[in-house]
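Next come the chains, spelled out residue by residue.
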Amino acid sequence: MKYLYKYPQAAFPYADLLETNRRRTRDEMEYELLDTGVFNDDRYFDVFVEYAKDGPEDILVKITAANRGPEAAELHLLPTLWFRNDWSSWIAESNRASEKPSLRQITPPHPPLVRGGKEGV
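The model shown is predicted, which means the values in this text are computed figures rather than measured ones.

### Focus on a nonpolar patch on the surface
Nonpolar side chains collect at one region of the surface, where Ile 59, Val 61, Ile 63, Leu 77, Leu 81, Phe 83, Leu 103 and Val 114 lie side by side and expose about 690 Å² of accessible area between them. Here the nonpolar patch takes 3 residues from strand S3 (residues 58-67), the largest share from any one element. Relative to the helices and strands, Ile 59 resides in strand S3.

Structural data, given as structure tokens:
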């Protein structure tokens, strides 16, 4: 699975989006991010997120960001990873995982890689 997210380099117009949509009626079109003008100068990032299965228990994620603006710009990415909670005490013992999973950085850190799995693995 692959998707593309276009993120503006200008401040994200949360307040403008909320306020304008709050004033609109059901008969009017929704006020979208493109309507705010935040992309008018072609200063944005393309952020590609790709998912692939490496096996029955392994999902790979690759995130690539490309600056589409005319000048260098800074972007901070904070990927969100999660585990299905199958280790808690409230889960029936017959369905409970024996160990809690963990995340760790794989070295060398360029490019930064993170591996998830059971603790100690």
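### Concerning the sheet that holds strand S2 (residues 44-55)
As summarised here, the arrangement of the 3 strands in space is S1-S2-S3, forming an open sheet in which the pairing is antiparallel. Every interior strand has two partners, whereas the edge strands, strand S1 (2-8) and S3, have only one. On average, adjacent strands in this sheet sit at an angle of 20 degrees to one another, irrespective of strand direction. Here S1 runs beside S2; their pairing, made up of 7 bridges, is antiparallel. Looking at the pairing, Tyr 5 lines up with Val 47 of S2.

### Let's talk about the layout of surface pockets
Empty space within the largest pocket amounts to approximately 2,000 Å³. Contributing to the lining of the largest pocket are 40 residues, with Ile 59, Leu 60, Val 61, Leu 81 and Val 114 lying nearest its centre. Breaking the lining of the largest pocket down by element, the ones donating at least two residues are S1, S2, S3, strand S4 (101-106) and strand S5 (113-118). For the lining of the largest pocket, the element with the highest residue contribution is S3, accounting for 7 residues. Each residue belonging to the lining of the largest pocket can be placed in one class, and the counts come to 26 nonpolar, 5 polar and 9 charged.

Criteria and thresholds
- Residues numbered from 1 in each chain as written.
- Predicted model: local features only at pLDDT ≥ 70, side-chain atom pairs only at ≥ 80, totals over all residues.
- Heavy atoms only, no water.
- Patch = residues over 30% accessible without salt bridge, like charges linked within 9 Å, V, L, I, M, F, W, Y side chains within 5 Å.
- Areas by Shrake-Rupley, 256 points an atom, 1.4 Å probe, with all protein chains shown as cover.
- Salt bridge = Lys/Arg side-chain N within 4 Å of Asp/Glu carboxyl O.
- Helix = DSSP H or I, 4+ residues; strand = E, 2+ residues; numbered from the N terminus.
- Pairing = 2+ DSSP bridges.
- Axes fitted to C-alpha atoms, helices over the stretch in contact; angles between N-to-C directions.
- 1 Å grid on protein atoms, 1.4 Å probe; cavity = no way out; pocket = protein on both sides within 12 Å on 5 of 7 lines; lining within 4 Å.
- Points joined across faces, edges and corners; volume = space filled by probe spheres on them.
- Nonpolar A, V, L, I, M, F, W, Y, C, P; charged D, E, K, R; others polar.

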